[in-house]
Amino acid sequence: MTPVLRTERLEFLPYRPEHEDAFVALLRDAEVCRWMGQDLVPEPEIRALFQAILTDVYPARRFDVWGLWFEGGYVGHAEVKPTGNVDGHELVTALAPAYWGHGLGGEAVRGLLRHAADNLGLTEAYGMVGAGNTASLSMCRRLGFRHVRDVVDDDGTVTKLLVIPTGLGAAPDATAAGTDGAGGAVRREEAV
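What follows is about helix α5 (residues 134-143). Listed in full, the buried residues belonging to α5 are Ser136, Leu137, Met139, Cys140 and Leu143. Each buried residue of α5 sits inside an arc of 160 degrees when the element is viewed along its axis, so together they form one side. With respect to the buried face of α5, the exposed residues turned more than 90 degrees away are Thr134 and Arg141. Gly144 occupies a position one or two residues after α5 and carries a positive phi of about 110 degrees.

Look at Arg61: it is not a glycine, yet its phi comes out positive at around 50 degrees. If you trace the backbone, Arg61 turns up in the loop between α3 (43-60) and β3 (64-70). A relative accessible area of 61% means that Arg61 is categorised as exposed. The phi dihedral of Glu71 is positive, around 50 degrees, even though this residue is not glycine. Summarising the element assignment, Glu71 is placed in the loop between β3 and β4 (73-83). Judged by relative accessible area, Glu71 falls into the exposed class, the value being 72%.

Right, let's talk about the pairing of β4 for a bit. The element β4 is largely enclosed, with a buried count of 9 among its 11 residues. Across 7 bridges, the pairing between β3 and β4 is antiparallel. Residue pairing for β4: Gly67 is matched across the bridge by His77. With antiparallel pairing between neighbouring strands as the criterion, β3 and β4 make up a hairpin whose turn holds 2 residues, including Glu71 at a positive phi of roughly 50 degrees. In this antiparallel pair of consecutive strands, β4 and strand β5 (residues 88-95), the connection spans 4 residues.

This part takes up the packing of aromatic side chains. Under the criterion given, the structure shown has 7 aromatic pairs. Seen in terms of ring centroids, Tyr15 and Phe50 are 5.4 Å apart; in terms of plane orientation they differ by 75 degrees. Their pairing is edge-to-face. Remark: Phe50 occurs in helix α3 and Tyr15 occurs in the loop between β2 (10-13) and α1 (20-27); sequence separation between them is 35 residues. In terms of burial, Tyr15 and Phe50 fall into one category: buried. Within the aromatic cluster, the residues linked to one another by ring pairs are Tyr15, Phe23, Phe50, Trp69 and Tyr74. Positioned above the aromatic ring of Phe63 is the side chain of Lys81, whose terminal nitrogen or guanidinium carbon lies 5.2 Å from the ring centre.

It should be kept in mind that the predicted coordinates are not to be read in detail where pLDDT is low. When pLDDT is averaged across the protein chain, the result is 86; 86% of the residues are at 70 or more. Taken as a whole, residues 168-192 scores under 50 in pLDDT and shows 99 contacts with residues more than four places along the chain or in a different chain.

It is worth spelling out the side chain of Thr2 at this point. Examined against the element boundaries, Thr2 turns out to sit in the segment before β1 (5-6). Using a relative accessible area of 7% as the deciding quantity, one classes Thr2 as buried. One polar contact links Thr2 to Asp64, side chain to side chain, over a distance of 3.0 Å. Here Thr2 is in contact with Pro14, Tyr58, Phe63, Asp64, Val65 and Trp66, once residues within four sequence places are set aside.

The subject of this paragraph is the pattern of salt bridges. Applying the stated rule across the entire model yields 10 salt bridges. For the salt bridge of Lys81 with Glu79, the shortest nitrogen-to-oxygen distance reads 3.2 Å. Here Lys81 and Glu79 have matching classes, each one buried. Each of the salt bridges in this network shares a partner with another, and the network as a whole consists of Glu20, Asp21, Glu43 and Arg47.

Rules behind the numbers
Residues numbered from 1 in each chain as written. Predicted model: local features only at pLDDT ≥ 70, side-chain atom pairs only at ≥ 80, totals over all residues. Heavy atoms only, no water. Buried < 20%, exposed > 50% of the residue type's maximum accessible area, 1.4 Å probe, protein only. Helix = DSSP H or I, 4+ residues; strand = E, 2+ residues; numbered from the N terminus. Arc of directions from axis to C-beta. Pairing = 2+ DSSP bridges. Phe/Tyr/Trp six-rings, centres within 6.5 Å; stacked < 30°, edge-to-face > 60°. Lys NZ or Arg CZ within 6 Å of the ring centre and 35° of its normal. pLDDT = per-residue confidence, 0-100. Contact = heavy atoms within 4.5 Å. Polar contact = N/O pair within 3.5 Å; in protein donor to acceptor, adjacent residues only side chain to side chain. Salt bridge = Lys/Arg side-chain N within 4 Å of Asp/Glu carboxyl O.

This is how it looks when you write it as structure tokens:
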């Protein structure tokens, strides 16, 4: 079962049915989609994705997925899941634009790294960040991610595949004074 996690400022809560509208609003935001490397998806598809989290992902324990909460409000989304790009697990984060640049993306990634090490027994984790997402790439460098390779989509879009040892990125104040962009190791969101 996906556990509740906490960092200094964030609560990672497994989604509940009443979170659907917040999830849909996040993934219908054009800026969030841009940095996740995806087109704006029609609302019914996002609602179906949310329902799949509740009815398939959680019951089958396929991977861990959370809503991110700051000061009682929904601010984003996070996942730790197996990746098809390499043999390993990927960290996925997305923050609402109003929360970019406040260090929450780095804090979310550190929380995911701690969970990956302490609860999942992972020694490393991966992230996919669009080559143009300079804020998130900078945050990943500050956290200690290392570039593995570029992944080029059919349309020529370049995404950076990054890796980090889970213990390194979980250091308590690795980026306390830093800022970050659209989220942590941001990846194109795929159907679950």
